[in-house]
Amino acid sequence: MARRRVLYGAALLAALLFQIFDVGYLAHFLLWAMLLLPLVSLGLTLPLLGCRAEVLARPAAVERGEPAGFLVTLQGRSWLPVSRAVLRLHLENALTGEAEDSRLVLAGALEGEQGPEHRLETPTGRCGRLTCRVLRVRLLDGLGIFALPLRPPAPAALLVLPRTEPFPLPEDWGKGTQGGPLRPRPGGGPGEDYDLRPYRAGDPLRSVHWKLSSKRDELVVRETLEPQRREFVVTFPHFGPAEEVERTLDRLNSCCRALLEAGRPHRVRWAHPVTGEIRDFRVEDLRGLERCLEAVLSDPAPASGLDLTEAPPAGEQRVRLEPQREVSP
Amino acid sequence: MKRQASHTSPRGPLVRVGDGLLLLLALTGAAFSLLTAYGLEADPRILLAGCILLALLSLTVFSLPRFRWAAQLGLLAALALAVWPRRADLLFGTRCIQYRLAEVLSQGAWSPSEEAAALLAEGGAEETAFLLLVLTMLALLLGWAVVRLRSHWLVLALTCPLLLPAFLVNRLPAWPAFLSLLVCWCAMFLSSLSARADRRAGARLTLAAVPALAAAFGLLTLAQPQASYVYPQWAQRAQYALRSADWGSLVPDFLPSFFSGAGSSSVINLAGAGPLRYSGRTLLQVDTGLPGWTYLRGRSAGVYTGDTWVDLDEEVYQDLGELPGGYEPLNFPALTAPDAAWYPVTVENLGAPGGCLYLPYYLLTDADEVAGAAFVEDSYLSQSLGSRRHTLYYRPDAGPWWDMTRLTGTAAEAEEIYRDFVYRHYLEVPEDFFNTLARWEERLLQSVTGDNLLLDGEDPASAALFRSSERYRNTLFQAWAVRAMLAATTEYDPDVAAMPEGADFVDYFLNETQRGYCMHYASAGALILRTMGIPTRYVSGFAVTVPESGQVNVTDENAHAWVEVYLPGYGWYPVEMTPGYSGLGTDAPEESAGPTPTPTPTPEAAPTPVPTEAPEASPMPDPDSGPAGPAGPAGLAADQVLIWTLGLLLAALGLGAMVRWGLLYRHRRRLEGPDTNRAVLTAYGDLLRLTPWGGREDPEVTGLARKARFSPHTLTEDERRAALERVQEEVRRTAAALPAWKRPVFRLIWGRW
């Protein structure tokens, strides 16, 4: 809008010079008209201060390479149109750290609640959590001279998920699933292994160990235990060259889906590559997998970083996914 | 990165209403501005109805989704068929309008002959018909500009030039008509951003902006009424400040008249008479055969208002009418010396303001001989548009001397009638002036002694006084005495401050500051002489000493003011009132460099034997024969060459920019037009033309271009977008790869991408 401001400035200067060098009324009137014009323009823009900008991710999640974008809209109830709204946007991929600033211009009538909109196509060649943040919204008057600020909307996020590939589960992943820790069996029932504990309100009466209760002079409950399957934990390095990280994430996504299809809930664990903080998600269904992937894609993936260091505890079967292979310690 | 989000929508009724309103405003504004600014006699009711009808027709034609050109052709054909039987009337109307335009634009220099006057009296209906024909063409052009292109620049370019000639001769159209145009221009500019993105949004803003702007400008008209408008003092001060700055090295002397105020003007603004500042710019070039001190008078003013000198009211001149024999009062003095030698003087206006000719006294050239100028009442010679150089003839020895010849015959009769007029209108002073005079006289009696009023024999003025006719000696002595009394009671000061707002100029000068310069002395002198019963008027112009070469460049430092007294039987005679200047054409000004006192200039040799009749005037001599200024012919020629070179360079640049804009516009229309195949082929052509710059052929664009060229299918919007993006990317890449010195040239040529 610098061009319009310069243009208006030149016109005002011309009117001023005309007034100075011409004694006629026309010069005087034109100078006043030039001064009045921006005020009229501003007056016609003020009712638009009630409109608001909004950013939506459409769709909210896509696989890598599929088209996706953010829909930026202006909404309001004014009959007057928006001559021009300039939005400064910041687009950032949390995983890769790539960021881009852009400027978007919206203009048009506010049709009821719906106003001018623009679909901002985003690059989906790399996985990650893309966040579109509106840093600044300026509403320009009809002449393009004044820029009135509007409140920036909440940021929107879009997940670019890793691809899903066929992932044949290795046979040895099914072995050694027994020997896990003993856990109370839901509903109780008969069993060789059991544990004793004080009575808690709600315990069925038939679980009360009456003999021992009479000896201890307090209610003791006999809780049947059963051996659990060993916890299957998928780990992976959350750093490395970009291509390797992409490959690893593809394999993680495929692996988790294959495990779920095989009816095997599991855990996904990794270390934050910068802070070393352990991230641990239990994946029991697709929803859980989405939550897990969102967390994975929200952490940065630098070229080098911290990895899981502790040894797998007993009762846990850990598999480490690498770009080209799986490692079962 | 910048993205432009467009939100296009189909045209609806709202868009048509908005466009129709703009068309109506532009058309009625233009029609009634033409009507009133040029004094046309068309019937306003028919014109208004015609404007409404034409606006609707134009809107309909240009809103058609297709066959617009056919509709336009059909409309024009129907119009041609309709007007063909009445072509004689239209020709008649054309002639009437030509006469009216000539009358207005010549500012009275041309007046219709009897035949033309008869035509004008009968041609009202024909003028209306011709104006409607012109408006039809304008309506089609405006429809194209408003409905199809939505271009505020084009609307401005179509309507503004209609009024410019009127503005140049200070003719304003009827205010509502002008406001209508102004509202249209402003509303289009104000809604241009919205309309570019979405026509419906543009229409909404237009419909809101038009009443808002109309209300704003209406209120502005009420708040700043034309009737009470006074040129503001701040503008006057700014004008002085700008003029006093040295712009010579920065701004060539192209259009000097807009930037020069020294000289004469229709309204002498006394309120802004502050310290004198000069830029030294040349305003006139004078070439005369007679060296010596001379006045070059511009306009005279007869009415003193307290802070201005203005012309007499037009009505009083209507009462006077034309003098017998068509004599002009400015010619009377020259007629009193029929045997005196005459001299030509060529005056070229390089920037002196006022729209008048600056001419010497004792003018011989009469109304029939003057060309490129016209006598305006008894006040001045107006300069016609486009004429800058005039040659006039005068008799410098035609003073009110003892040996002058009395006017006889029709000339005497004309002078007698004019004398009555002068005594009726050039003796008026404001009522309060007598109080001013009384206060001044008290001081006068205290400060003036006999020595002040002693006529110095060596004063050139005294020589003129003694040579004057006995009939006028008393008047001239009174004028001389007033000048002497003013000199005794006041002090010449070119740096005197402007008077405070609301004060009376002469009262403030005589009784408060007692300091001033020529404007102060001439104003005071004129009023004092009027109280003494001597018809007097204020004159502004230039006072200059012509060197032996006869050629002189008159700068703004030569600007001066003096008075003219009316000598019955002779005419207006200049009297100097400012101390330091010697009146009656006898002395040199203090401020002029190298004065050459030449009392009562007598020509050394007449160029031809004394003619008995005025010679043929040649107001537009060959420019090559123009005089050279003091700087010498070589210096002047170098300046002219520089100015012409710069002017041509600027014109070439402007032309180049226009051509480039046109090419870019055509290219953009091809790329964004409805024909996607053509757009892709254009983009492919651009890609090929990139090759010499280091561009590479893109297989995808080539494939799309082949498809566009050879396939029967039409390319989709996505394919067009893809091709354009690829070419754009290639242009960017090519530009980035170029060396820095080559890149600006590349951007200049490939700016379209």
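A brief structural summary. (Residues numbered from 1 in each chain as written. Chains lettered and ligands numbered in written order. Predicted model: local features only at pLDDT ≥ 70, side-chain atom pairs only at ≥ 80, totals over all residues.)

### A look at the overall build of chain B
The secondary structure content of chain B amounts to 24 helices and 16 strands. Counting across all 753 residues of chain B, residues that qualify as buried make up 42%. Restricting the contact set of chain B to residue pairs at least 6 apart, pairs at least 24 apart contribute 79%. (Helix = DSSP H or I, 4+ residues; strand = E, 2+ residues; numbered from the N terminus. Buried ≥ 20, exposed ≤ 12 C-beta atoms within 10 Å, placed from the backbone. Contact = placed C-beta atoms within 7 Å.)

### Regarding the overall build of chain A
From N to C terminus, chain A includes five helices and 17 strands. Buried positions account for 31% of the 329 residues belonging to chain A.

### Observations regarding the sheet that holds strand β10 (residues 182-184) of chain A
Residues and elements named next belong to chain A. With respect to topology, three strands assemble into an open sheet ordered β10-β12-β11, the strand pairing being antiparallel. Every interior strand has two partners, whereas the edge strands, β10 and β11 (194-198), have only one. Recorded for the sheet is a direction-independent mean angle of 40° between the axes of neighbouring strands. Looking at chain direction, β10 and strand β12 (residues 220-227) are connected through three bridges and run antiparallel. (Pairing = 2+ DSSP bridges. Axes fitted to C-alpha atoms, helices over the stretch in contact; angles between N-to-C directions.)

### A closer look at the pairing of strand β3 (residues 69-75) of chain A
All names here are of chain A. Among the seven residues in β3, five count as buried, and that is most of the element. Across seven bridges, strand β1 (residues 52-58) lies against β3 in antiparallel orientation. Considered in β3, the bridge of E54 is made with T73. Note: β3 against strand β6 (residues 114-121), six bridges, orientation antiparallel. When the bridges of β6 are listed, L71 appears paired with R119.

### What to know about the sheet that holds β6(A)
All names here are of chain A. Read from one edge to the other, the open sheet built from three strands follows the order β1-β3-β6, with strand pairing classed as antiparallel. Pairing within the sheet leaves two strands with one partner each, and these edge strands are β1 and β6. Averaged over neighbouring strand pairs, the angle between their axes works out to 20° when direction is ignored.

### Quick notes on the interface of chain A and chain B
Contact residues are listed per partner, giving 35 residues for chain A and 41 residues for chain B. Top element by residues in the side of chain A that touches chain B is helix α2 (residues 25-45) of chain A. It accounts for 12 residues. Taken together, the residues of the side of chain A that touches chain B sort by class into 22 nonpolar, 11 polar and two charged. (Nonpolar A, V, L, I, M, F, W, Y, C, P; charged D, E, K, R; others polar.)

### Some points on helix α22 (residues 699-710) of chain B
Residue and element names in this part refer to chain B. Its 12 residues place the ends of α22 16 Å apart at the C-alpha level, agreeing with the 16 Å of an ideal helix rising 1.5 Å per residue. Along α22, the positions that sit buried rather than exposed are V701, L704, A705 and A708. The buried side chains of α22 occupy one side of the element, clustering within an arc of 100° when seen end-on. In α22, the exposed positions that point more than 90 degrees away from the buried face belong to P699 and F710. Its buried side turned inward, α22 meets α21 (676-690) and α23 (717-737). (Expected span 1.5 Å × (residues − 1). Arc of directions from axis to C-beta.)

### Side note on the nonpolar core
Residues and elements named next belong to chain B. Membership of the largest hydrophobic core comes to 123 residues, with the highest contact counts inside it found for A26, L27, A31, V183, C184, A187 and L213. When near neighbours in sequence (up to four residues on either side) are disregarded, L27 contacts C51, L54, A55, L135, L138, A139 and L142. F332, Y538, A543 and W572 belong to the second largest nonpolar core, which has 100 residues in total. (Core = buried A, V, L, I, M, F, W, Y, C linked by C-beta atoms within 7 Å.)

### What to know about the environment of Q75(A)
Relative to the helices and strands, Q75(A) resides in strand β3. With 22 residues separating them along the chain, Q75(A) and A53(A) place their C-alpha atoms 6.2 Å apart.

### Some details on the pairing of strand β13 (residues 231-235) of chain A
All names here are of chain A. As judged from the five bridges shared by β13 and strand β16 (residues 316-321), these two strands associate in the parallel manner. Within β16, the residue paired with F232 across the bridge is Q317. Across three bridges, the pairing between β13 and strand β14 (residues 266-271) is parallel. Bridging from a neighbouring strand, T235 pairs with R269 of β14. For the segment spanning β13, helix α4 (residues 242-261) and β14, crossover handedness is right-handed. (Right-handed = clockwise from strand over helix to strand, strands pointing away.)

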